[in-house]
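Chains, contacts and geometry: an overview
This is what each chain is made of:
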Amino acid sequence: MHIAQGAMKAISVNKLTSAGCRVKIWVADWFAQLNNKMGGDLKKIEVVGNYLIEIWKSVGMNLDGGKVEFLWSSKEINSRAHEYWPLVMDIALRNKLPRIRRCVTIMGRSEEDELSAAQIFYPCMQCANIFFLKADICQLGMDQRKVNVLAREYCDDIKRKNKPIILSHHMLLGLQQGQEKMSKSDPTSSIFMEDEEIKKGYCPPKIVEGNPCLEYVKYLVIPWFNEFKVERNEKNGGDKIYTSFDELAVDYEAEELHPGDLKPALAKALNKILQPVRDHFNQDDNAKKLLKQVKAFRVTR
């Protein structure tokens, strides 16, 4: 799991629970199978699902008071199949194939890809999840927005006034220049939850837009710690603590803050976020076993 899925998910969930929401995290094993993740091997997918849960538990997701539930899609759908499948069928009946194909980007696919029948079925099922789970808010990444819009359009079709609220989080840029997001299938794009690769990150001087290192400060470090501390010697300006990203961006564009000082500070902050995860996977026998199994798997797109 990369840091966008791990730490950013924890930030988003903690914001929701602190605002009084109850959060259902859909461990989408059947959906991973439909999209041929882990070669469609459901046993491997189950291992990965348990590994993801261990990550979220150890990174700082607030699970106190039962405000967060982890629900496995296969178990939930099988237990209430009589509710789920008629809903999927109704969504499929009300939409033409081109409309569904426009949603395949939720799986990391494009409309031009040679898609399996399962990958056509997937958007109808994901749309159904929202109503099946009785979700008032859909909190997913911007890459999932098309199916969330499909759910709102479905509300129009069935004359339902209470539409789900779409709450989309930002997609973190990949580590290298031009990478639009982190991807598990491209290790050069990601910082994984058990390691740290910020030294290789693209970080051009004076440029804020499209700079992944600055994005990680904006969307991870400042929301996590409420500040970003840069330690440097006096001739380079001395130590400085930023409490807002705007302040940091002004300094960076003016070359008051150099990549050579920003990167070590970012690495130190990310290490503080990740250390509890590393400790958990080093010390907990079950977590250690899961990590070993996951590392042995070949990731499939």
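Per chain, the residues get numbers from 1 upward, laid out in the order the sequence is written. For a predicted model such as this one, the threshold for reporting local features is a pLDDT of at least 70, and the threshold for listing and counting side-chain atom pairs is 80 or more; totals across whole chains, interfaces and linings nevertheless cover every residue. Based on all heavy atoms of the structure, the side-chain values leave hydrogens and waters out of the count.

1. Observations regarding unusual backbone geometry
In this model, Asn36 sits at a positive phi of 65 degrees, which is unusual for a non-glycine residue. To qualify as a helix, a DSSP run of H or I must reach at least 4 residues; to qualify as a strand, a run of E must reach at least 2; elements of each kind are numbered from the N terminus. Tracing the backbone shows Asn36 in the loop between helix 2 (29-34) and helix 3 (42-59). Judged by relative accessible area, Asn36 falls into the partly exposed class, the value being 38%. Buried, partly exposed and exposed residues are distinguished by accessible area as a fraction of the type maximum, computed with a 1.4 Å probe on protein chains only: under 20%, between the cut-offs, and over 50%, respectively.

2. Section: the packing of helix 5 (residues 81-93) against helix 7 (residues 117-132)
The axes of two packed helices give the description: the angle between them and the distance between them. To get an axis, a line is fitted to the C-alpha atoms, and for a helix only the part in contact is used. The angle between two axes follows their N-to-C directions and goes from 0 to 180 degrees. In contact at an axis separation of 9 Å, helix 5 and helix 7 are set at 125 degrees when each is read in the N-to-C sense. Considering their axes alone, helix 5 and helix 7 lie oblique with respect to each other. The interaxial crossing formed by helix 5 with helix 7 has right-handed handedness. Judged by residue contacts, Glu83, Tyr84, Trp85, Leu87, Val88, Ile91 and Ala92 of helix 5 engage Phe121, Cys124, Met125, Cys127, Ala128, Asn129, Phe131 and Phe132 from helix 7. Among the residues making up the contact of helix 5 with helix 7, the classes are represented as 13 nonpolar, one polar and one charged. Comment on the angle field: the value is read as roughly parallel under 35 degrees, roughly antiparallel over 145, roughly perpendicular from 65 to 115, and oblique elsewhere. Note on convention: near helix rotated counterclockwise from far helix by under a right angle means a left-handed crossing. Clockwise means right-handed. Two residues qualify as a contact provided that any one of their heavy atoms is within 4.5 Å of a heavy atom in the partner residue. The residue classification treats Ala, Val, Leu, Ile, Met, Phe, Trp, Tyr, Cys and Pro as nonpolar and Asp, Glu, Lys and Arg as charged. All others, Gly included, are polar.

3. Structural notes on the packing of helix 11 (residues 259-283) against helix 12 (residues 285-296)
The contact between helix 11 and helix 12 brings their axes to 5 Å, and the two run at 95 degrees. On the basis of the axis angle, helix 11 is roughly perpendicular to helix 12. When helix 11 is examined against helix 12, the residues His280, Phe281, Asn282 and Gln283 are found in contact with a partner set consisting of Asp285, Ala287, Lys288 and Leu291. For the contact of helix 11 with helix 12, a count of residues per class yields three nonpolar, three polar and two charged.

4. A look at the nonpolar core
With 55 residues, the main nonpolar core has Ile198, Leu220, Phe228, Leu248, Leu262, Leu266 and Leu270 as its most contacted residues. Every element with two or more residues in this core is listed here: helix 1 (3-18), strand 1 (23-27), helix 3, helix 9 (212-225), strand 5 (228-230), helix 10 (245-253), helix 11 and helix 12. Residues grouped as a nonpolar core are buried Ala, Val, Leu, Ile, Met, Phe, Trp, Tyr and Cys residues, joined through side-chain atoms within 4.5 Å. Residues Phe31, Ile77, Phe131 and Phe132 belong to the second largest nonpolar core, which totals 30 residues.

5. Points about helix 5
Here helix 5 spans 18 Å end to end across 13 residues, near enough to the 18 Å set by a 1.5 Å rise per residue. Listed as buried for helix 5 are Tyr84, Leu87, Val88 and Ile91. Buried residues in helix 5, looked at end-on, bunch into an arc of 100 degrees, giving them a common side. What points out from helix 5, more than 90 degrees from its buried face, is the exposed set His82, Met89 and Leu93. Close packing links the buried residues of helix 5 with helix 2, helix 4 (73-79), helix 7 and helix 8 (145-157). Here the expected length of a helix is defined as 1.5 Å per residue gap, with one fewer gap than residues. Within this analysis, the arc is defined by the directions that extend from the helix axis to the C-beta atoms.

6. So, the environment of Asp284
Relative to the helices and strands, Asp284 is located in the loop between helix 11 and helix 12. With a relative accessible area of 29%, Asp284 lands in the partly exposed category. Considered as a pair, Asp284 and Pro98 are 186 residues apart in the sequence and their alpha carbons are 48 Å apart.

7. Thoughts on the side chain of Glu54
Structurally, the position occupied by Glu54 is in helix 3. Residues scored as charged are limited to Lys and Arg (positive) and Asp and Glu (negative), so that His and the chain ends carry no count. By convention in these notes, a salt bridge is any Lys or Arg side-chain nitrogen within 4 Å of a carboxyl oxygen on Asp or Glu. As a buried residue without a salt bridge, Glu54 has its nearest oppositely charged side chain in Lys57, at a separation of 4.4 Å. There is a polar contact of 2.6 Å between the side chain of Glu54 and the side chain of His280. Apart from the residues lying within four places of it in its own chain, the contact partners of Glu54 are His280, Phe281, Asn286, Ala287 and Leu290. As used in this structure description, the phrase polar contact means that two N or O atoms lie within 3.5 Å; if the pair is within protein, one of them must be able to donate a hydrogen and the other to accept it, and residues adjacent in sequence are counted only when both atoms belong to side chains.

8. Quick look at the pairing of strand 4 (residues 165-169)
When DSSP finds two or more bridges between a pair of strands, those strands are recorded as paired. Sheet topology note: the strand 3 (residues 137-141)/strand 4 ladder contains five bridges and is parallel. The partner of Leu140 across the bridge, within strand 4, is Ser168. By definition, the crossover connecting two strands over a helix is right-handed if that path, from the first strand to the second, turns clockwise as seen with the strands pointing away from the viewer. Note that the unit made of strand 3, helix 8 and strand 4 has a crossover that is right-handed.

9. Describing a nonpolar patch on the surface
Patch construction takes residues with relative accessible area above 30% that form no salt bridge. Like charges are linked within 9 Å, and nonpolar side chains (Val, Leu, Ile, Met, Phe, Trp, Tyr) are linked within 5 Å. With residues, only the protein chains shown are counted as cover, and all accessible areas are computed by Shrake-Rupley using a 1.4 Å probe. A cluster of nonpolar side chains, contributed by Ile137, Ile165 and Leu167, occupies part of the molecular surface with about 240 Å² of accessible area. Locating Leu167 in the fold gives a position in strand 4. The class of Leu167 is partly exposed, set by a relative accessible area of 38%.

10. Notes on the pattern of salt bridges
On inspection of all chains with the given rule, the structure shows seven salt bridges. In this structure, Glu153 and Arg99 form a salt bridge, with 3.0 Å as the shortest nitrogen-oxygen distance. Linking Glu153 in helix 8 with Arg99 in helix 6 (residues 97-101), this pair joins segments that are 54 residues apart in sequence.

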